[in-house]
Amino acid sequence: MELYLDTADVQAVKRLARVLPLAGVTTNPSIVASGKIPVNEVLPALREALGNKGRLFAQVMAPQADRMVEEAQKLRAMVDDLVVKVPVTAEGLAAIKQLKTMGIPTLGTAVYGASQGLLAALAGAEYIAPYVNRVDAQGGDGIQTVKDLQQLLKLHAPGAKVLAASFKTPRQALACLLAGCESITLPLDVAEQIITTPAVTAAVEKFE
């Protein structure tokens, strides 16, 4: 099982990497923009915060496949073993196929349906990121989407992994793990809620 943090907060990664068994850090353009540090600076800083271990994920922004491939190459120049996140649109699928032939690992992101995720895996993505809470917010069932996607990958693309994303509560993350998710990425607030439980804190204080 791989546990990631979904953030571009370098100091938070340093703090949590000390206590959590992190496999790495995932980012996206919105997360990087909110941190107000240019992507070419924040990615190496995140790698250092992880003790120069683990995997980093960063996302392309261009809408066309050829430009996505160019951006992917630039991101890989910043961190040589970076996994490139590509939205699973028609152009994104074309980009994933090209990047596969170039030996550049990808994650199919912005996945709202199991069949959409399967197409990304068949195109060559190593990871598929279903958006659990966002599916729920649109009236769907995020956990069922994860279960369906896992079954499809097991049957048709066993080399790809689900990396579940978009969580609002620890319970959603737990449900994904109980469904057999091999990888999840947690926003900082959800990770903090899992680590810091008021009842545990009160029990420890009582012991003291």
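Our subject is the structure that appears above.
The notes below deal with the structure included here. (Residues numbered from 1 in each chain as written. Predicted model: local features only at pLDDT ≥ 70, side-chain atom pairs only at ≥ 80, totals over all residues. Heavy atoms only, no water.)

**Considerations on the pairing of strand β6 (residues 127–130)**
Burial of the side chains of β6 extends over both faces: Tyr 127 and Ala 129 are buried on one face and Ile 128 and Pro 130 on the other. Looking at chain direction, strand β5 (residues 106–111) and β6 are connected through three bridges and run parallel. When the sheet's bridge partners are listed, Val 111 is paired in β6 with Pro 130. Considered for its hand, the β-α-β crossover made up of β5, helix α6 (residues 114–123) and β6 is right-handed. Alignment of β6 against strand β7 (residues 161–164), held across two bridges, turns out to be parallel. Pairing of Tyr 127 across the sheet is with Lys 161, part of β7. (Buried < 20%, exposed > 50% of the residue type's maximum accessible area, 1.4 Å probe, protein only. Helix = DSSP H or I, 4+ residues; strand = E, 2+ residues; numbered from the N terminus. Pairing = 2+ DSSP bridges. Right-handed = clockwise from strand over helix to strand, strands pointing away.)

**Some thoughts on the environment of Thr 169**
Mapping Thr 169 onto the fold places it in the loop between β7 and α9 (170–178). Owing to a relative accessible area of 33%, Thr 169 belongs among the partly exposed residues under this scheme. Residues Thr 169 and Asn 133, spaced 36 residues apart in sequence, show a C-alpha to C-alpha distance of 8.9 Å.

**As for unusual backbone geometry**
The phi dihedral of Lys 36 is positive, around 60°, even though this residue is not glycine. For Lys 36, the location among the structural elements is in the loop between α2 (29–35) and α3 (39–49). Judged by relative accessible area, Lys 36 falls into the exposed class, the value being 73%. We note that Ser 166 has phi near 65°; this positive angle belongs to a residue other than glycine. Within the element layout of this structure, Ser 166 appears in the loop between β7 and α9. For Ser 166, a relative accessible area of 18% puts it in the buried group.

**Thoughts on the side chain of Thr 145**
Here Thr 145 is to be found in helix α8 (residues 142–156). Thr 145 sits in the buried class, given a relative accessible area of 11%. Residues in contact with Thr 145, not counting those within four places in the same chain, are Tyr 112, Gly 113, Ala 114 and Val 135. (Contact = heavy atoms within 4.5 Å.)

**Some remarks on α3**
Residues Val 42, Leu 43, Leu 46, Arg 47 and Ala 49 constitute the buried set of α3. End-on view of α3: buried residues confined to an arc of 160°, all on one side of the axis. The inward-facing, buried residues of α3 contact α1 (10–17), β2 (24–26), α2, β3 (55–59) and α4 (65–78). (Arc of directions from axis to C-beta.)

**Regarding the nonpolar core**
Residues Leu 153, Cys 176 and Ile 184 are the most contacted members of the largest nonpolar core, which totals 61 residues. Among residues more than four places away in sequence, those in contact with Ile 184 are Met 1, Glu 2, Leu 3, Tyr 4, Leu 163, Ala 164, Phe 167, Ala 173, Cys 176 and Leu 177. Tyr 4, Phe 57, Leu 107 and Leu 163 belong to the second largest nonpolar core, which has eight residues in total. (Core = buried A, V, L, I, M, F, W, Y, C linked by side-chain atoms within 4.5 Å.)

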